[in-house]
Amino acid sequence: MIVKLRKMNTPVEIQVRAPPSKSYTHRAFIAAALAEGDSNIIEPLIAEDTLLTLNALKQLGVTIEESENGIIIHGTGGALHPGEKIKIDLKNSGTSMRLLASVALLADRPVILTGSERMCERPIGDLVSALNAIGGQVRYLGRTGYPPIEVSGRILGGNVLISPEISSQFITSLLMAAPYAEEDLHISLRGRSVSASYLDITLDLMASFGISVNVDAVKTFQVGCGKPFAGRSYEVEGDYSSASYFFAIAAVCGGEAAVTNLKPTSPQGDRQFLSLLRDMGCTISSLEDGYHLIRDSPLTGITCDMSGMPDTVQTLAAVAPFASGTTMIRGISHLRHKESDRIAAIEQVLSGFGAGVATTGDSMTITPGELHGGIIDPANDHRTAMSGAILGLGIGDITILDAECVSKSYPKFWDVLKGADLWNGMS
Ligand SMILES: O=C(O)C1=C[C@@H](OP(=O)(O)O)[C@@H](O)[C@H](O)C1
Ligand SMILES: C=C(OP(=O)(O)O)C(=O)O
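The name given to the protein in an unreviewed UniProt entry is 3-phosphoshikimate 1-carboxyvinyltransferase, and the organism recorded there is Methanocalculus taiwanensis. Within the UniProt record for the protein, the comment given under Subunit (unreviewed entry) is "Monomer." In UniProt, the protein has this text filed under Pathway (unreviewed entry): "Metabolic intermediate biosynthesis; chorismate biosynthesis; chorismate from D-erythrose 4-phosphate and phosphoenolpyruvate: step 6/7."

Below you can see the structure in the form of structure tokens.
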């Protein structure tokens, strides 16, 4: 699908309900599958990635049915019986690959986890080493340090040290399997933590399913063994990363955006995206279940650290060329390991449209320029495509190729844009 966007010449008035959270949906499906008792996961995100996790759980022997308002998952108590040696294709979903690597150790057969060509370039070595230190027998079937992997062995528990510098998903993976270890698990982190807010999501979800994790100041997580997740009815909250595109469109085009289904106390790091837009000059106010943004004065560039909110870096980068002055974003080295090398992708897109972009290993500085239209090839990265919509409506004359790649996290993105009278072009 090709999307062509024209510049919005009048201020926008956006009203959108945020789709369910991708991160909470993955975790809720996994906790429910490992729980004692049944769960009803209400209003989960139904998108390519979360369906990959759900189908993987089915392949691992979990019984799953649709309910009127969600998905019923019959808990296994943590004993997975796939019936035979299985191969699970997790395509482009890093969260599924990393979180299920530990879960697969609970299966009574070896499990092969593989994925797309890009997935086989996304690192998993720190997690594999940690799993092998606590009883796993995980081996690489291709390049050392990357999927595909074959998972067998056990989770003995004890002490494990892991680097948090590449991905928080490695730690989430250990945390969510830890209640099923043979002994208590103590996870220590050494290094600078990236995407740390996602660990808060993990702890929040685990607490909702009855497991509390002890966290101490020196970044050690202690999870007790022998107490499984407790099945329950669980409603998935809305996704702040998906909401960011609509706030950003209003920030760039002028006007206002109201996005509902956003929990004000959510641990999602991308909640802070609104503070960044406020720092750039937007006015933000709370709604009963969401936020309202008005952009009625010019935007100014900012300096910020986005290490805890990697998924909205592209959104902010798409706003930056419309501000006066430069915007500097720090703490983003881990963006090189996503669905694409996102630092390179931002540089390519923005400089192709006339903005100035300078990068270092861990930061980028964006300088406004004489902006003009062009073509975006998202290279199968949903967030490059969705942030392209901000540029398209702000600059005009922008064509987004293979726009259906948004299905990874937000299949209805283009329909919602159309519904909000923002898709003024053709496909
Ligand atoms: O745990 C999660 O749900 C996620 C963690 C983040 O990844 P990293 O921890 O690899 O940065 C984020 O980018 C991804 O979209 C979802
Ligand atoms: C990085 C992302 O997802 P994942 O790591 O699950 O592929 C994302 O959704 O931006």
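Participant: Let's hear about the pairing of strand 7 (residues 111–114): which residues, and what values?
Facilitator: Here strand 7 shows a buried face lined by V111 and L113 and an unburied face lined by I112 and T114. Alignment of strand 6 (residues 86–89) against strand 7, held across four bridges, turns out to be parallel. The residue bridging D89 from the neighbouring strand is T114, located in strand 7. For the crossover that starts at strand 6, traverses helix 3 (residues 94–103) and ends in the parallel strand 7, the hand is right-handed.

Participant: Would you mind going over the site of ligand 2 in detail, with residue names and values included?
Facilitator: Neighbouring ligand 2 are the residues D49, S93, G94, T95, D311, K338, E339, R383 and S409. Inspection of the shell around ligand 2 shows a minimum of three residues originating in each of domain 1 (3–19 + 238–419) and domain 2 (22–235).

Participant: Pulling in residues and values, what's your account of helix 2 (residues 48–59)?
Facilitator: The end-to-end C-alpha distance of helix 2, which contains twelve residues, comes to 16 Å, matching closely the 16 Å that a straight helix rising 1.5 Å per residue would cover. Residues of helix 2 that are buried: E48, D49, T50, L52, T53, L54, A56 and L57. Packed against the buried residues of helix 2 are helix 1 (22–34), strand 4 (63–66), strand 6 and helix 3. Directly after helix 2, the chain includes G61, whose backbone phi takes a positive value near 105°.

Participant: Please set out the UniProt feature "binding site: phosphoenolpyruvate" (unreviewed entry) in the protein residue by residue, giving values where relevant.
Facilitator: Those places that UniProt annotates as "binding site: phosphoenolpyruvate" (unreviewed entry) correspond, in this numbering, to K22, G94, R122, Q169, R342, R383 and K408. Along the chain, the position of R342 falls in helix 10 (residues 342–352). Apart from residues lying up to four places away in sequence, R342 is in contact with V313, Q314, L335 and D381. Structurally, R383 is set in helix 11 (residues 382–395). Owing to 31 C-beta atoms within 10 Å, R383 belongs among the buried residues under this scheme. Look past the residues within four positions of R383 in its chain and what remains in contact with it is D311 and Q314.

Participant: Could you give an account of the sheet that holds strand 4, naming the residues involved and the relevant values?
Facilitator: One open sheet holds the four strands; their spatial order is 4-5-3-14, and the pairing between them is mixed. Either end of the sheet is taken by a strand with one partner, and the two such strands are strand 4 and strand 14 (233–235). When the angles between neighbouring strand axes are averaged without regard to direction, this sheet yields 20°. Where helix 1 meets the sheet, it contacts strand 3 (38–42), strand 5 (70–74) and strand 14, and its direction lies at approximately 165° from that of strand 3.

Participant: Report on the sheet that holds strand 2 (residues 12–17), specifying residues and quantitative values.
Facilitator: Taken in spatial order, the four strands of this open sheet run 2-15-17-16, and their pairing is mixed. Sheet topology places strand 2 and strand 16 (283–287) at the edges, where each strand pairs with a single neighbour. Sheet twist, expressed as the average angle between the axes of neighbouring strands with direction ignored, equals 15°. Taken strand by strand, helix 7 (residues 240–253) contacts strand 2, strand 15 (255–260) and strand 17 (290–295), and its axis lies near 170° from that of strand 15.

Participant: Give a detailed account of the pairing of strand 4, specifying residues and quantitative values.
Facilitator: Where strand 4 meets strand 5, four bridges bridge the pair, whose relative direction is antiparallel. Bridge pairing links E65 to I72 in strand 5. With antiparallel pairing between neighbouring strands as the criterion, strand 4 and strand 5 make up a hairpin whose turn holds three residues.

Participant: Please give an account of the nonpolar core that cites residues and values.
Facilitator: Counting residues in each nonpolar core, the largest one holds 145 residues, and the members touching the most others are A31, L174, F247, I249, A251 and V319. A per-element tally of this core places helix 7 first, with eleven residues. Here this core gathers at least three residues from each of two domains, domain 1 (3–19 + 238–419) and domain 2 (22–235).

Participant: Describe the domain arrangement of the protein, and please don't skip the residues or the numbers.
Facilitator: Accessible area lost upon the coming together of the parts serves often as the stated size of an interface. Segmentation of the protein into domains returns domain 1 (3–19 + 238–419) and domain 2 (22–235). Relative placement of domain 1 and domain 2: their C-alpha centres are 29 Å apart. With 18 residues of domain 1 at the interface, the matching set in domain 2 holds 19 residues. Tallied by class, the residues present in the side of domain 1 that touches domain 2 amount to six nonpolar, nine polar and three charged.

Cut-offs and rules
- Residues numbered from 1 in each chain as written.
- Chains lettered and ligands numbered in written order.
- Predicted model: local features only at pLDDT ≥ 70, side-chain atom pairs only at ≥ 80, totals over all residues.
- UniProt positions renumbered as here; feature names shortened; annotations may be inferred.
- Buried ≥ 20, exposed ≤ 12 C-beta atoms within 10 Å, placed from the backbone.
- Helix = DSSP H or I, 4+ residues; strand = E, 2+ residues; numbered from the N terminus.
- Pairing = 2+ DSSP bridges.
- Right-handed = clockwise from strand over helix to strand, strands pointing away.
- Near = placed C-beta within 6 Å.
- Domains from an automatic or database assignment.
- Expected span 1.5 Å × (residues − 1).
- Contact = placed C-beta atoms within 7 Å.
- Axes fitted to C-alpha atoms, helices over the stretch in contact; angles between N-to-C directions.
- Core = buried A, V, L, I, M, F, W, Y, C linked by C-beta atoms within 7 Å.
- Nonpolar A, V, L, I, M, F, W, Y, C, P; charged D, E, K, R; others polar.

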